[in-house]
Each structure stands twice: as C-alpha cells, then as structure tokens.
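# Residue-level structure breakdown
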Amino acid sequence: MVSRVRVWLNRTYAENVFFMDQLRRNPSDRAVEIHATHGDPDSPVLAAADTAELEPENLSPAGYVEYALDQCGRRGIDVFVPRLHQAAIVAHRAEFEAAGTAVLAPPPEAVAVFHDKVIAYEAVQAIGVPVPPWYRVRSEDELVAAVEELESGGHKACFKPASGAGGVGFRVITRTPFSLMHLSGFPSPYVPLDLVLEALRQAEEPVDWLVMPRLEQPEVSVDCLTGPDNRVRLAVGRTKNGRRRGFTLHEQWLDPARRIAEGFGLHYLSNIQFRMFGDRPVLMDVNTRPAGGLHQLSLCGVNAPWAAVQLALGEDPGEVVPPFLGQDYTVVSGPRPLRPVSLPQQRPETTEPLPAVPAPPSAEPVDSVGAAAQVLPL
C-alpha cells in the first residue's frame, strides 16, 4: 500500500489554496495531507489545510529554521514548500533531509542570486538573456540622474526595491504636480517626482531602489519545473495583457526562461517574468518559488504542484508537456472558507498546535474571503 504524502506550506499567499487543491486531486490518486502555518489566523490557507498552526512572530531567520525543523519532525513532513525565510531554510537543507523532509526550493546559491535584482540582472545578462536598462539608486541625486537619463530616451521611469517580491513598492514616476487628479478614482502607481525627492530628503536612511523604464505588455510569466539535475521538465508561459490572460509555448519566452532555470539551478518550481522593451522581450523578475497563479496551468491539463512533489520525493515525472493550451481567461475573486473563529496570535514561545478544522459542508454558511482568485473563460 502506498503511504500518504505529508506536505507543509509555510506563511504563503492566499492563492495557494488552489495549489493545495491540486495536490489533493493529483493524477496518481495518492493520498495527500497538508499542513499549513501562517501569522494571520484568518488566512484561507489555514482553513484549507488538514492541520494548521499560527506561526510565532518575530523569529530571526535562525530561530525560524529551528521552528521549521521542529514542525517537520513533529508533523512527519515529507515535503516542505517554504516561502517565508526561504534563504535560511535552504541553507540547512541537509538537516531537513536528515529529519526525512525534502525541501521543495532551489539551492542556496540560486536563491541568493535572485534575492537582489541588481545581482540577478548582471548574472542573467552574462548568459545572454536580455534585460532592460537599469540603475541602482540610493540617494536623491542618483534618482534624478537615472530619471533624466531614461526620460531623455523617451521612456517613463519607474522604481521598485532592489530586493522584494509581489510588486510591493513599485511606482511610476510622473512630472505632473500633485493635485486632486491624484485623489480621484482608485489609487494608482503614479507618483510625482517632486514628492519622491522630498521623501528622500526627509528619510533617515538611504533607500535601495532599482530604477528602470516602464516596460510594456504583454507580460509573460513562465512557470518552470526543474529537477535537481538542472534539467527543465516543464515550461509554460502565462500571458497577461490587461484583463485578458492566456498561455504560450513560443520560444521567445520559453528559451530564455529555460536558460535561466537550468543555468542557475532553479530546482523545483520557479517563475520567470518577461515584458517588452521596444520590440523585444526582456527579463522583468525571477521568483525562486511557485507563482501564486501556478494553478492556472490546470486549464492546460497540467498539475504542476504534484509533478514538483513527485520530483522532491525522487519520483521523476519525466517531461511534462501540456496536452493542450487552454482558452483565454480572466481572473475574478471568489469566496473561500475561514476558520469559524479568529484565534489570538500565538506567542513566540508557544508551540502547541491549533486543532485541525475540516472544511464546512457546502450546505452550511461559511465565513469567506475574496483574496483567492478563480479563473473564468473569456
């Protein structure tokens, strides 16, 4: 009899409830039990898991590794999918393996390269992957010089943190003075240059930004599955152009993504994003983790989360080829169950698990959130 697989997702995105759904609906018909931890008691991933705990707050990376090793030992985790403190966790991969847990994440060297966008751009440029013009900015004068250089070439300047994920801190610089126009409608990423400069003057410490031209659509996110042998098993591009989304297997996107995934050893699941600079695709960002939208590949008949778990368990799924490309679609919000009662935050020294809460029957009312997105055809 084949034993069940125990998978743990730590402090991850709400959309990964779909990642969990796909693990349970795996084509091998293997029993999967999912453990989830989070800092927010109202995260939908806690309700979607078979067992769940609130994570201690304010742990150092080293302290979090100790916490994670304890979780794996007590919970009998077979595969750990880390998001929070990924770099610290992969540096201790051997300790997790000794505890019987496979870590579904790239090696420390690959995580380090793509933690800093400047180092990443320099590294991928060295292997022939195109990148946009970029400037590392830490001061008011450096920002002005970078913006003027980009504007002289006819580009709109934007900036984002040199390290970070999920588009946090992304802004587009405008010369338009601040006015009621900026206060009408929904908040936008546009920010007047004079306000940015004033904020820099008042800052108590320097910033660390990457300034670059605003890149054009389409945006193509290539989801890759790469084995520990550095060979890509799966590469599919998800296209985004406004509300319309779709899929592509065009080599102008897949070839540079494969070169990055194989060249830097982005083992297991990674997401490599491109946009247009003029008439050619250039690298925008690299995520050394599963993308929040990875589940959308199910529209192409692909279960990428399960193929990755198979790889982590040493069960090579071989080349994963989409049997078809799904039709164009859009993303809408949908309800997901929450735990019946919000629980108080767990103290750092507390390690008692929260009781598992099964998903309520569909006939009963449930608390819900709209953070997790569903896909609908166009």
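These notes cover the structure that comes with them. Keep in mind that this is a model prediction, so the values were computed, not measured.

## Focus: the overall build of the protein
Looking only at helices and strands, the protein features 11 helices and 19 strands. For 378 residues, the compact-globule estimate of 2.2 N^0.38 gives 21 Å, and the protein sits close to it at 22 Å. Referenced to the eigenvectors of the C-alpha coordinate spread, the extents of the protein come out at roughly 65 × 45 × 45 Å. Buried positions account for 50% of the 378 residues belonging to the protein. Here the contacts in the protein between residues at least 6 apart in sequence split such that 67% fall between residues at least 24 apart. Here the protein has roughly 17,600 Å² of accessible surface; of this, 53% comes from carbon and sulfur atoms. The protein carries 34 positive and 46 negative side-chain charges, and their two centres are separated by 4 Å.

## Some details on the packing of helix α1 (residues 17-24) against helix α11 (residues 304-312)
For any two helices packed against each other, one specifies the crossing angle of their axes together with the interaxial distance. Viewed as axis vectors pointing N to C, α1 and α11 meet at an angle of 65°, and their least axial separation amounts to 8 Å. The angle between α1 and α11 falls in the class roughly perpendicular. Note that α1 runs across α11; the crossing there is right-handed. Facing F19, Q22 and L23 of α1, the residues of α11 in contact are P305, W306 and V309.

## Quick look at the sheet that holds strand β7 (residues 157-161)
A sheet is described by the order of its strands in space; here 5 strands give the open sequence β6-β10-β7-β8-β9, paired in mixed fashion. A strand with exactly one partner marks an edge of an open sheet, and here the two such strands are β6 (135-137) and β9 (190-192). Each adjacent strand pair in this sheet contributes to an overall mean axis angle of 35°, direction not counted. Judged from the 2 bridges that link them, β7 and strand β8 (residues 171-174) form a sheet pairing that is antiparallel.

## Some thoughts on the pairing of strand β3 (residues 51-54)
The two faces of β3 match: T51 and E53 on one face and A52 and L54 on the other face are all buried. Here strand β2 (residues 32-38) pairs with β3 via 4 bridges, running parallel. In the strand pairing of β3, H35 is matched with T51.

## Quick notes on the layout of surface pockets
By volume, the second largest pocket is sized at about 430 Å³. Surrounding the second largest pocket, 17 residues form its lining, Q86, V111, H115, A165 and T288 being those nearest its centre. Element by element, the count of residues in the lining of the second largest pocket is highest for helix α6 (residues 108-115), at 5 residues.

## A few points about the packing of aromatic side chains
Across all of its chains, the model carries 9 aromatic pairs by this definition. Seen from their ring centres, Y121 and W134 are 6.5 Å apart, and the 65° between their planes marks the pair as edge-to-face. With a gap of 13 residues between them, Y121 in helix α7 (residues 117-126) and W134 in the loop between α7 and β6 connect regions that are remote in the sequence. Through a chain of ring-to-ring contacts, the aromatic side chains of W8, Y64, Y67, F80 and F96 assemble into a single cluster.

## Structural notes on the sheet that holds strand β5 (residues 102-103)
Spatially, 5 strands are ordered β3-β2-β1-β4-β5 in an open sheet, and the strand pairing comes out parallel. The sheet is open, and its two edges are formed by β3 and β5, each paired on a single side. Most of the contacts of α1 go to β2, to which it runs at about 165°, and overall it touches β1 (5-10) and β2. The sheet strands contacting α11 are β1, β2, β4 (79-81) and β5, and the helix crosses β1 at an angle near 110°.

## Considering helix α9 (residues 193-202)
Of all the residues in α9, the buried ones are L193, V196, L197 and L200. Down the axis of α9, the sector holding all buried residues measures 100°, keeping them to one side.

## Considerations on unusual backbone geometry
Across residues other than glycine, the phi torsion is negative in most instances, and most of the peptide bonds are trans. Residues Q217 and P218 are joined by a peptide bond in cis, for which omega reads 5°. If you trace the backbone, P218 turns up in strand β11 (residues 216-226). Although it is not a glycine, D29 sits at a positive phi angle of roughly 55°. Tracing the sequence through the fold places D29 in the loop between α1 and β2.

Each value, and the rule that gives it
Residues numbered from 1 in each chain as written. Predicted model: local features only at pLDDT ≥ 70, side-chain atom pairs only at ≥ 80, totals over all residues. Heavy atoms only, no water. Helix = DSSP H or I, 4+ residues; strand = E, 2+ residues; numbered from the N terminus. Rg over C-alpha atoms; globule rule 2.2 N^0.38 Å. Buried < 20%, exposed > 50% of the residue type's maximum accessible area, 1.4 Å probe, protein only. Contact = heavy atoms within 4.5 Å. Areas by Shrake-Rupley, 256 points an atom, 1.4 Å probe, with all protein chains shown as cover. Lys, Arg positive; Asp, Glu negative; His and termini not counted. Charge placed at Lys NZ, Arg CZ, Asp CG, Glu CD. Axes fitted to C-alpha atoms, helices over the stretch in contact; angles between N-to-C directions. Parallel < 35°, antiparallel > 145°, perpendicular 65-115°, else oblique. Left-handed = near helix turned anticlockwise from the far one by under 90°. Pairing = 2+ DSSP bridges. 1 Å grid on protein atoms, 1.4 Å probe; cavity = no way out; pocket = protein on both sides within 12 Å on 5 of 7 lines; lining within 4 Å. Points joined across faces, edges and corners; volume = space filled by probe spheres on them. Phe/Tyr/Trp six-rings, centres within 6.5 Å; stacked < 30°, edge-to-face > 60°. Arc of directions from axis to C-beta.

So far we have only geometry, and geometry alone does not tell us how the molecule works.
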